[in-house]
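Summary of structural features
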Amino acid sequence: MSTLRNKVALVGRTGIEPEVRNFENGRKFVRLTLATSESYRNKSGERVENTQWHTVVAWGKLAGIFESYVSKGQEIMVEGKLITRSYDDKNGDKKYFTEIEASDVLLLGKKN
């Protein structure tokens, strides 16, 4: 491997309607949440489901696709890269959060 890549692909259901922001320069931004789930049977034979929530962001034309075609509860596949940012809270403690910056989306389910 000559180069290492930051790439992620997730299939899940959207948790909220896409939140859209339009900037003065005409650039568009969207943020939404995506739930991914996996399940297994424990030693007692009970089905256990584990759901993870991810924040997805997109810019430009892709943000417009999210705005027009994606709704809450819809199944989608998102490809992109992981972005980790930080900020200092009111107490001066550093807080970190990770988002997926989408580069592509595939609509898998029907629009609600």
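Now for a quick tour of the structure. Since we're looking at a predicted model, the values are computed, not measured. (Residues numbered from 1 in each chain as written. Predicted model: local features only at pLDDT ≥ 70, side-chain atom pairs only at ≥ 80, totals over all residues. Heavy atoms only, no water.)

Side note on the packing of aromatic side chains
Aromatic ring pairs are defined here through the distance separating the ring centres and the angle between the ring planes. Let me state the cut-off plainly: Two aromatic rings from Phe, Tyr or Trp, using only the six-membered ring of Trp, form a pair when their centres are within 6.5 Å; if the ring planes differ by under 30 degrees the pair is stacked, by over 60 it is edge-to-face, and anything between is tilted. Segments assigned H or I by DSSP are reported as helices when at least four residues long, segments assigned E as strands when at least two residues long, and all are numbered from the N terminus. Each residue's exposure class comes from its accessible area (1.4 Å probe, protein chains only) as a fraction of the maximum for that residue type: buried when under 20%, exposed when over 50%, partly exposed otherwise.
A full pass over the atoms with the stated rule returns 3 aromatic pairs. Ring geometry for Phe-23 versus Trp-59: centroids 6.0 Å apart, planes at 20°, classification stacked. One end of the pair, Phe-23, is in the loop between strand 2 (19-22) and strand 3 (28-41); the other, Trp-59, is in strand 4 (residues 47-59), and 36 residues separate them in sequence. We classify Phe-23 as partly exposed; its relative accessible area is 35%.

So, a nonpolar patch on the surface
Using the following cut-off: Note that patches include only residues with greater than 30% relative accessible area and no salt bridge, and the join distances are 9 Å for like charges and 5 Å for nonpolar side chains (Val, Leu, Ile, Met, Phe, Trp, Tyr). For the accessible areas, the method is Shrake-Rupley and the probe is 1.4 Å, while residue cover comes only from the protein chains on display. What counts as a salt bridge is simple: a side-chain nitrogen of Lys or Arg found within 4 Å of a carboxyl oxygen of Asp or Glu.
A grouping of Val-11, Leu-106 and Leu-108 is seen on the molecular surface, where their side chains present a nonpolar patch of about 250 Å² in accessible area. Considering the arrangement of structural elements, one finds Leu-108 in the segment after strand 6 (94-107).

Some points on the nonpolar core
Definition in use: Nonpolar core, defined: a set of buried Ala, Val, Leu, Ile, Met, Phe, Trp, Tyr and Cys residues in which side-chain atoms within 4.5 Å join the residues together. Every residue pair with non-hydrogen atoms within 4.5 Å of one another is taken to be in contact.
Core analysis: the largest hydrophobic core is formed by 16 residues, its most contacted members being Val-56, Phe-66, Ile-76, Val-78 and Ala-102. For this core, the secondary structure elements donating two or more residues are strand 1 (8-14), strand 3, strand 4, helix 1 (60-69), strand 5 (75-88) and strand 6. Sequence-distant contacts of Ala-102, that is, excluding residues within four places in its chain, are made with Val-56, Val-57, Ala-58, Leu-62, Phe-66, Val-78, Glu-79 and Gly-80.

So, the pattern of salt bridges
Under the definition given, this model contains 6 salt bridges. Arg-47 is the salt-bridge partner of Glu-49, the closest N and O atoms lying 3.5 Å from each other. Here the salt bridges share partners, and the residues they tie into one network are Arg-31, Arg-85 and Glu-99.

Concerning the environment of Ser-37
Applied cut-off: Any N or O atom pair separated by 3.5 Å or less is treated as a polar contact, with the protein-specific requirement of one donor-capable and one acceptor-capable atom, and with residues adjacent in sequence counted only for side-chain atom pairs.
By secondary structure assignment, the location of Ser-37 is in strand 3. Setting aside its immediate chain neighbours within four residues, Ser-37 contacts Glu-49, Asn-50 and Thr-51. A distance of 3.4 Å separates polar atoms of two side chains, one belonging to Ser-37 and the other to Glu-49.

Re the pairing of strand 2
Worth spelling out the cut-off: In this analysis, strands are considered paired if DSSP registers two or more bridges between them.
Where strand 2 lies against strand 3, 4 bridges are found, and the strand directions are antiparallel. Looking at the pairing, Glu-19 lines up with Arg-31 of strand 3. The turn joining strand 2 and strand 3, which pair antiparallel and follow one another in sequence, is formed by 5 residues; a positive phi near 90° is taken by Gly-26.

What about the side chain of Gln-74?
Structurally, the position occupied by Gln-74 is in the loop between helix 1 and strand 5. Among the polar contacts listed, one links the side chain of Gln-74 to the backbone nitrogen of Ser-71, at a separation of 3.0 Å.

Some details on the environment of Pro-18
Looking at the secondary structure, you find Pro-18 in the loop between strand 1 and strand 2. For Pro-18, a relative accessible area of 16% translates into the label buried. Linking Pro-18 and Val-57, residues 39 residues apart in sequence, is a C-alpha distance of 9.3 Å. Once you skip the residues sitting within four places of it in the chain, Pro-18 turns out to touch Val-30, Arg-31, Leu-32, Phe-66, Val-70 and Ser-71.

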